[in-house]
Amino acid sequence: MTDQSYIQTLRDTGLKVTPQRLSVMRIVLEKPGHFKVEDVYRRIKVSEPTITLATVYNIFKAMTDKGILKSFELDGATWFENNTEVHANLSCENCGKIEDIEIPEIGQLIQKLSNGNYTVRSASIVLKGLCSECTAELSAK
Ligand SMILES: [Zn+2]
Ligand SMILES: [Zn+2]
């Protein structure tokens, strides 16, 4: 995506356009991925030494409140991701990789609940195990 589309996203959601918000968006919206605030902070600090961890955290919070990002908990840490569709996160306990897997059944369940009397505001599903590479690597030993 381009800066122009990031600026548009901020405007569409009513967030003020700031250089720091754009710096965060260039990292977290560039391609599908899962991010921790500390890691993004460390990357931005290289080019913007005055930015604080609290500022980066607040940017993540504002973007999550506006639905640009989604957050989930994993092993006591808060992760953010740009895939805001309902899906499960597969977390590899060997290499730490997090992959997305679509589960249409959960989307249908949420739809069914919404047609009834329950309002689903968020869904977070984390499956832990070994990714395909680690499974192959460990079984080859
Ligand atoms: Zn793995
Ligand atoms: Zn995900």
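Every value quoted in this text rests on a predicted model; they were computed, and no experiment measured them. (Residues numbered from 1 in each chain as written. Chains lettered and ligands numbered in written order. Predicted model: local features only at pLDDT ≥ 70, side-chain atom pairs only at ≥ 80, totals over all residues.)

It is worth spelling out the overall build of the chain at this point. Scanning the chain for helices and strands turns up 6 helices and 6 strands. Starting at the N terminus, the α and β elements of the chain follow one another as α-α-β-α-α-β-β-β-β-α-β-α. Reported as C-alpha extents along the three principal axes, the dimensions of the chain are approximately 50 × 45 × 30 Å. Counting all 141 residues of the chain, 16% fall into the buried class. By sequence separation, contacts in the chain at least 24 residues apart represent 48% of the contacts at least 6 residues apart. (Helix = DSSP H or I, 4+ residues; strand = E, 2+ residues; numbered from the N terminus. Buried ≥ 20, exposed ≤ 12 C-beta atoms within 10 Å, placed from the backbone. Contact = placed C-beta atoms within 7 Å.)

Our next topic: the sheet that holds strand β1 (residues 34-35). On the basis of which strands lie adjacent, the open sheet formed by 3 strands has the order β1-β3-β2 and antiparallel pairing. Each edge of the open sheet is held by one strand with a lone partner, namely β1 and β2 (70-74). (Pairing = 2+ DSSP bridges.)

This brings us to the sheet that holds strand β5 (residues 98-102). Pairing between the strands of a sheet is mediated by backbone hydrogen bonds and can be parallel or antiparallel. Spatially, β5-β4-β6 is the arrangement adopted by the 3 strands of the open sheet, whose pairing is mixed. The open sheet is flanked by β5 and β6 (125-129), the only strands paired with a single partner. The average angle at which neighbouring strand axes cross in this sheet is 30 degrees, direction not considered. Sheet topology note: the strand β4 (residues 87-92)/β5 ladder contains 5 bridges and is antiparallel. Within β5, the position partnered with H87 by the bridge is E102. (Axes fitted to C-alpha atoms, helices over the stretch in contact; angles between N-to-C directions.)

A few words on the packing of helix α2 (residues 19-28) against helix α3 (residues 37-47). Running from N to C, α2 and α3 point in directions that differ by 120 degrees, and their axes come no closer than 10 Å. As α2 runs across α3, the sense of the crossing is right-handed. Packed against α2, whose contacting residues are S23, V24, I27 and V28, the element α3 presents V40, R43 and I44 at the interface. (Left-handed = near helix turned anticlockwise from the far one by under 90°.)

What follows is about the domain arrangement of the chain. Interface size, as often reported, equals the accessible area lost upon joining of the parts. What the domain assignment lists for the chain is domain 1 (3-81) and domain 2 (87-140). When each unit is reduced to the centre of its C-alpha atoms, the spacing between domain 1 and domain 2 is 22 Å. Residue-level contacts link 4 residues of domain 1 with 6 residues of domain 2. Of the residues in the side of domain 1 that touches domain 2, the class split is 3 nonpolar, 1 polar and no charged. (Domains from an automatic or database assignment. Nonpolar A, V, L, I, M, F, W, Y, C, P; charged D, E, K, R; others polar.)

A separate point is α3. Listing the buried residues of α3 in full gives V37, V40 and Y41. Seen end-on, α3 carries its buried residues on one side only, within an arc spanning 105 degrees. Facing away from the buried side of α3, by more than 90 degrees, are the exposed residues E38, R42 and V46. In this fold, the buried residues of α3 make contact with α2, β1 and α4 (53-65). (Arc of directions from axis to C-beta.)

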